[in-house]
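Structural overview for review
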Amino acid sequence: MMQPTRRATLFVTCIVDQMYPEIGEATAVLLQAQGVAVRVPRGLTCCGQMALNAGFRDEAYAVAGRTIEVLRGQGDIVLPSGSCTAMIRHLYHELFHGTPHQQAAEALIGRTYELTEYLVDVLGVQDVGAHYAARATYHDACHGLRYLDLSRQARTLLAHVRGLELVPLPACTECCGFGGLFAVKQAAISGAMLQRKLANITSTSADLLITGDASCMTQIAGGLKRNAAPVQVRHIAEVLVGR
Amino acid sequence: MTTPRERMLAAIRAGINTNRAFLEAEMQKAPHTPPPHVHPPADDLQAQFVEEAQRAGAFPYICADAEAALDAIQKILSEHGANSALTWDFAQIDLPGLEALLNQMQITRLDTTVTVCGETQAQRVAHLHAIEHASVGISGADLGIAESGTLAVMTGPGRGRLTTLFAPLHIAVLPASRLVRGLGAAFDALRHQYGSDIFAEHANLTLITGPSRTGDIEMTLTTGVHGPGELHIIVLNEEEAA
Amino acid sequence: MATQMLPFYDRVEDALQNSTLQHALERNMPRFVALRAQALNKLIDEAALRDQARAIRAKSLARLDELLTRLADTVEARGGHVCWATDGKAAGQYIAELAQRQAVKSIVKSKSMASEEIHLNAQLEAHSLEVIETDLGEYIIQLSGETPSHIIAPAIHMTRQEIGQLFQEKLGMEPTEDIPTMTRTARRVLRQRFVQADMGISGVNFGIAESGGMVLVTNEGNADLTTSVPRIHVAIMGIERVVESLDDLAVMLQVLARSATGQKLSVYTTFLSGPTRPGEPDGPEEFHLILLDNGRSRILGSAYAEALMCIRCGACLNACPVYQSIGGHAYGGVYSGPIGSVISPLLQPDVPDVHQLPYASTLCGACQEACPVRIALPDMLLRLRGDAVQAGKVAPGEQAAMTAWQATMNNPALYRAGGTMASIITRLVGGREGVLKQLPPPLAGWTQHRDFPTFAKQSFSERWAAQHGTDEEPQ
């Protein structure tokens, strides 16, 4: 491994932490392979998005406020999630405006990055040297796409993965229907949106669906499994470490 | 006691005061001057107008002189079996010989006067009934907007609104010298012609882009739902002959 | 019972079960989206034009008092009358009294969202006045007794067969499935309505302060007939629709039709400044402008002021995957889609379950991306959810769950314990297959449509701590 030249703090997000630890590990491996010394602060839990999304501002404020304190002075923060990164970069402004956390929030916003953005735009990496034999298609997760302008970064990285055939996904920028508690509270609409996404995925005859957010993965993989569709679902970090 | 006007304005001012910083910051983020045109400029304004008018479903004709224009109109009128017409005053249409053509074709010119102040509703309805079966409306046009294939039509004395609207067929005569590139340029040209307040003397301006159309049934395009189902534009380009 | 009166979840279920609607949405929404994208892509600088449009809308709001005053004064100077209507009732009252004073018998109307917002037709019908909608889509749904399902395509939820049947029954048309025949039938019937009408009521797309000009945009030409055939023209304008000048308008018109239908300009863009002038052969003898507030000044002073920048193009509806799934009626009010979810709670608070509308979104942002003036709709939907919670409009048990969530997330020990418990339970239930087929309420909705994964045996943070040791635990 290269001598570390940079330091970054990895915030894997609550859903990866509890349900997809392998994504967190893949992210750490990816960063370390690029010479980044990775630190994971003990006690990091959640960005608060679920509560804010449901309208529970006070609860979101309490949880996000603590997260800001945990991340204070921790250098660059990298998340394997466009959605949680967008929560911090886009929604923390309003959530903490005029509060005691405002200054720390603004500082955090300025040094928080989504994984593919950090690799491509900050570290200038295009090829992480990965091998992955599959016919794959890519779903653009909404918040990364629209609040962080993510799209090109993942495609650049995937284009350099040996053995990977990337085929376009029709309506790749259309929401999968997850939307946090939306998937439960508006289950019927969410289900209809998911069916459209699944139809588009199967139309590509890809055997692998790649995306950059564990929440979309949960929705899409759950639907594919229910429909017994022979398509695997992976987070981009996993593909980039060849898992 | 306050009037509704005062009450509403007071409520609006209170609202503005709450959000003034946000609104003023947003309004200063971009210039407000309209671009004269929004598409890449075409070399040939006339060709662009023709292409765009066709795209909008209109039938444009390039005519090198009045004679060619009258020929084109005669052909359209006979193909449609036109026998009655709503027209602007001939002085308002830049095509000498039009009146003679209509006379020669025995097309009746209907009286386009509908609004006579002091008349009853029944009298107004009678005027409308008298023109409701007109075969064609023939008008001039103030401008042609090349990048959208649009006609700008200012109505007024001698230039009825219903002439461009009421009949199933509309023929408009447009001198090629009146072509402009885009909408911003069109408003500049109108201000040049009618003064800085273009509505000081005129109550009605219509921008017409193609024939009347609807997609309200299964999004299937159908023309002529209320206005003319066919729009023919006679572009008179006398320089082209020279 | 009309769909609109049902509780929100029933409206959604109705929409999802309606195969005609589903077919129409599937067929038409992608077309709207593609046409809009093509139209905007061809511009020299789409981004700059949209920035301009947004700045101009912001100016209209920042100087709304001044611009409305100017507009009203100019209209009056040109011989028009102006009514300042604080609410829908005041607007309806004014028109009804005007109609009675002028012995109006028949009214034709061109499409106007503001008039639908205040249920103007019902108000006038209560005064025994007959109001005929003249936009073809609006006319169809008026005949069938429904409400519009889309801002610019009101009858998009009906098939040609349904419309043919309706025309047979109501207009005596011969049986046909031919759309041009139906259109001709409507033209013939409505033309007589125009000729007979003594009053025309229109909406206003933009009002130009400097010249008192009302701008109306249609493809059919029905607004032109509505405003020039009858003796009296009444225009209803939401106060936010004012622009300062012809120059401002030149920018707004460039984005309106492109965003709505993908046209460069709609077929008819009509400017009207006061009643007919001396010497004109036609046009209305009287012109009345109704400036409608109905909650707008309150919105202007709220966290939702930006919603007043809306120019009602419908682009956010077409782009919204939720709208694409359920169509317009499920929203319950006149305004549907993302913009409807924002303004219905503010403008039509009597819509059943209106506080639920802001939750009918994944906050995916497709609406803001499509909006020609880039209204931050997702941010406002989020704020409205916060307001609903603050007002106590939460589902039973939700507050308790959120309190527990906060306690768990803010206490690493509890968070770890909770994760371990979830892991044990989900893996126990999920078994070898590793997925959950059925979750208990309130999470049951999830497993109606998809499986749920089990929690990991050991969380990432536990694994990391095991491999790299633990730092001091921050609190």
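Residues numbered from 1 in each chain as written. Chains lettered and ligands numbered in written order. Predicted model: local features only at pLDDT ≥ 70, side-chain atom pairs only at ≥ 80, totals over all residues.

What follows covers the overall build of chain A. Counting secondary structure elements, chain A contains 13 helices and 8 strands. Since a compact globule built from 243 residues should have a radius of gyration of about 18 Å, the 18 Å found for chain A is in line with a globular shape. With the C-alpha coordinates aligned to their principal axes, the bounding extent of chain A is approximately 50 × 50 × 25 Å. Looking at chain A as a whole, 60% of its 243 residues qualify as buried. The contacts of chain A with a sequence gap of at least 6 include a subset with a gap of at least 24, amounting to 78%. (Helix = DSSP H or I, 4+ residues; strand = E, 2+ residues; numbered from the N terminus. Rg over C-alpha atoms; globule rule 2.2 N^0.38 Å. Buried ≥ 20, exposed ≤ 12 C-beta atoms within 10 Å, placed from the backbone. Contact = placed C-beta atoms within 7 Å.)

Our next topic: the overall build of chain B. Helices and strands together make up the secondary structure of chain B, namely 7 helices and 12 strands. Here the C-alpha coordinates of chain B stretch approximately 70 × 55 × 45 Å along the principal axes. Here chain B holds 242 residues, and 51% of them are scored as buried. Contacts in chain B between residues far apart in sequence, at least 24 positions, make up 77% of those at least 6 positions apart.

Strand order in the open sheet formed by 8 strands is β8(B)-β5(B)-β6(B)-β9(B)-β9(C)-β6(C)-β5(C)-β8(C), with mixed pairing between adjacent strands. A single partner strand is all that each edge strand has here, and the edge strands are β8 (179–180) of chain B together with β8 (242–243) of chain C. Here strand β6 (residues 213–218) of chain C pairs with strand β9 (residues 268–272) of chain C via 5 bridges, running antiparallel. Across the sheet, C:Leu216 pairs through a bridge with C:Thr270, a residue of β9(C). (Pairing = 2+ DSSP bridges.)

Take the environment of A:Leu150 next. All names here are of chain A. Locating Leu-150 in the fold gives a position in the loop between α8 (142–147) and α9 (152–159). Put simply, Leu-150 and Leu-52 are 98 residues apart on the chain and 23 Å apart in space, counted from C-alpha to C-alpha. The contacts of Leu-150, once residues within four sequence positions are left out, are Gly-82, Glu-114, Thr-116, Glu-117, Gly-144 and Leu-145.

Another aspect to go through is the nonpolar core. Ranked by internal contacts, the top residues of the largest apolar core, which has 314 residues, are B:Ile234, C:Met252, C:Ile290 and C:Leu291. A per-element tally of this core places helix α12 (residues 246–260) of chain C first, with 10 residues. Beyond its immediate chain neighbours, meaning those up to four positions away, C:Met252 contacts C:Ala53, C:Ile56, C:Phe206, C:Val243 and C:Ile311. (Core = buried A, V, L, I, M, F, W, Y, C linked by C-beta atoms within 7 Å.)

Let us look at the interface of chain C and chain B. Opposite the 85 residues of chain C that make contact, chain B presents 77 residues. Residue classes in the side of chain C that touches chain B are distributed as 37 nonpolar, 26 polar and 22 charged. Examined bridge by bridge, strand β9 (residues 204–208) of chain B and β9(C) share 5 bridges and lie antiparallel to one another. The residue bridging B:Thr206 from the neighbouring strand is C:Thr270, located in β9(C). (Nonpolar A, V, L, I, M, F, W, Y, C, P; charged D, E, K, R; others polar.)

This part is about the confidence of the model for chain B. Averaged over every residue, the pLDDT of chain B is 96; residues scoring 70 or more account for 98%. The complex model carries a pTM of 0.95, and its ipTM stands at 0.97. (pLDDT = per-residue confidence, 0-100.)

Turning next to the packing of helix α7 (residues 115–122) of chain A against α9(A). All names here are of chain A. α9 packs onto α7 with a crossing angle of 75° between their chain directions and a minimal axis gap of 9 Å. Here α7 is positioned roughly perpendicular relative to α9, judged by the angle of their axes. The residues of α9 that touch α7, namely those facing Thr-116, Glu-117, Leu-119, Val-120 and Asp-121, are Gln-153, Ala-154, Thr-156 and Leu-157. For the contact of α7 with α9, the residue count by class is 4 nonpolar, 3 polar and 2 charged. (Axes fitted to C-alpha atoms, helices over the stretch in contact; angles between N-to-C directions. Parallel < 35°, antiparallel > 145°, perpendicular 65-115°, else oblique.)

Residues and elements named next belong to chain A. Examined at the domain level, chain A breaks down into domain 1 (6–121) and domain 2 (127–240). Measuring from the centre of the C-alpha atoms in domain 1 to the corresponding centre in domain 2 gives 22 Å. Mapped onto the side of domain 1 that touches domain 2, the elements with two or more residues apiece are α1 (14–19), α2 (21–33), α3 (49–53), α5 (82–96) and α7. Broken down by class, the residue content of the side of domain 1 that touches domain 2 amounts to 14 nonpolar, 10 polar and 5 charged. (Domains from an automatic or database assignment.)

Before going further, it helps to spend a moment on the interface of chain A and chain C. On the chain C side, the residues contacting the 54 residues of chain A number 54 residues. Of all the secondary-structure elements, those providing two or more residues to the side of chain A that touches chain C are α1, α2, α3, α4 (57–71), α8, α10 (182–185), α11 (187–203) and α12 (214–226) of chain A. In terms of residue count, α11(A) provides more of the side of chain A that touches chain C than any other element does, 8 residues in total. Each residue belonging to the side of chain A that touches chain C can be placed in one class, and the counts come to 28 nonpolar, 15 polar and 11 charged.

It is worth spelling out the pairing of β6(C) at this point. Residues and elements named next belong to chain C. A large share of β6 lies buried, amounting to 6 of its 6 residues. Burial along β6 is two-sided: Gly-213, Val-215 and Val-217 and Met-214, Leu-216 and Thr-218, pointing in opposite directions, are all buried. Relative to β6, strand β5 (residues 206–208) runs antiparallel, the two sharing 3 bridges. The residue bridging Phe-206 from the neighbouring strand is Val-215, located in β6. What sits between the antiparallel neighbours β5 and β6 is a turn of 4 residues, in which Gly-212 has the positive phi angle 65°.

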